Amino acid sequence: MNRVVLVGCGYWGKNWYNILSKLSDVEIVAVIDPKPVIEVNNRYDDLASFDAACLHYTHAIIAVQAEYHQVYTKYFKAKLGGQY
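Given the structure is predicted, the values throughout are model-derived calculations rather than measurements.

Conventions we followed
Residues numbered from 1 in each chain as written. Predicted model: local features only at pLDDT ≥ 70, side-chain atom pairs only at ≥ 80, totals over all residues. Heavy atoms only, no water. Phe/Tyr/Trp six-rings, centres within 6.5 Å; stacked < 30°, edge-to-face > 60°. Helix = DSSP H or I, 4+ residues; strand = E, 2+ residues; numbered from the N terminus. Buried < 20%, exposed > 50% of the residue type's maximum accessible area, 1.4 Å probe, protein only. Expected span 1.5 Å × (residues − 1). Contact = heavy atoms within 4.5 Å. Salt bridge = Lys/Arg side-chain N within 4 Å of Asp/Glu carboxyl O. 1 Å grid on protein atoms, 1.4 Å probe; cavity = no way out; pocket = protein on both sides within 12 Å on 5 of 7 lines; lining within 4 Å. Points joined across faces, edges and corners; volume = space filled by probe spheres on them. Nonpolar A, V, L, I, M, F, W, Y, C, P; charged D, E, K, R; others polar. Core = buried A, V, L, I, M, F, W, Y, C linked by side-chain atoms within 4.5 Å.

Draft legend 1. Molecular detail of the packing of aromatic side chains. As enumerated under the stated definition, the model contains six aromatic pairs in all. Plain terms: the ring middles of Phe50 and Phe76 are 6.0 Å apart, the flat faces sit at 55° to each other, and that makes the pair tilted. Residue Phe50 is found in helix H2 (residues 47-53), and its partner Phe76 is found in helix H3 (residues 66-79); the two are separated by 26 residues along the sequence. The exposure classification of Phe50 matches that of Phe76, with both residues buried.

Draft legend 2. How the structure looks around H3. The terminal C-alpha atoms of H3, which comprises 14 residues, lie 21 Å apart, in line with the 20 Å expected from a rise of 1.5 Å per residue. All of the buried residues in H3 are Tyr72, Tyr75 and Phe76. Those residues of H3 that are buried lie in contact with strand S1 (2-7), strand S2 (26-32), H2 and strand S4 (59-62). Positive phi appears at Gly81, one or two residues downstream of H3, with a value of about 75°.

Draft legend 3. Just the pattern of salt bridges, in detail. What the rule picks out here adds up to three salt bridges. When the shortest N-O distance is used, the salt bridge between Arg43 and Asp45 registers 2.3 Å. With a shortest N-O distance of 3.1 Å, Asp51 and Lys79 are connected by a salt bridge. Of this pair, Asp51 sits in helix H2 while Lys79 sits in helix H3, and the two are 28 residues apart along the sequence. Take Asp51: its relative accessible area is 34%, and that puts it in the partly exposed class.

Draft legend 4. Highlighting the layout of surface pockets. For the largest pocket, the calculated volume is near 260 Å³. Lining the largest pocket are 17 residues, and of these Gly8, Asp33, Ala63, Val64 and Gln65 lie nearest its centre. Here the residues of the lining of the largest pocket sort into 10 nonpolar, four polar and three charged.

Draft legend 5. View of the nonpolar core. Ranked by internal contacts, the top residues of the largest apolar core, which has 14 residues, are Val5, Val7, Ile32, Leu47, Phe50, Tyr57 and Phe76. The set of elements that each furnish at least two residues to this core consists of S1, S2, H2 and H3. Those residues in contact with Val5, other than ones at most four positions away along the chain, are Val29, Ala30, Ile32, Phe50, Tyr57, His59, Ala60, Ile61 and Phe76. Cys9, Leu20, Val26 and Ala63 belong to the second largest nonpolar core, which has 11 residues in total.

Right, here's the structure in full:
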């Protein structure tokens, strides 16, 4: 089972959410977005609240504006042991 964190649930993130939620081997364990454009489960406003939840996940999809990619990529690369 692939346990996915989706970062950003806006213009592109909502598409990722809808596609991933239909896959039988994927579980969306968290969505990090203070104002998602669709109703989602397991939503966290920011990395601090997400990190405090101590969730187990295997993948992260980053669907935020380009200027924020580096911050989230570094965070999740460190958490996932350098894997992409």
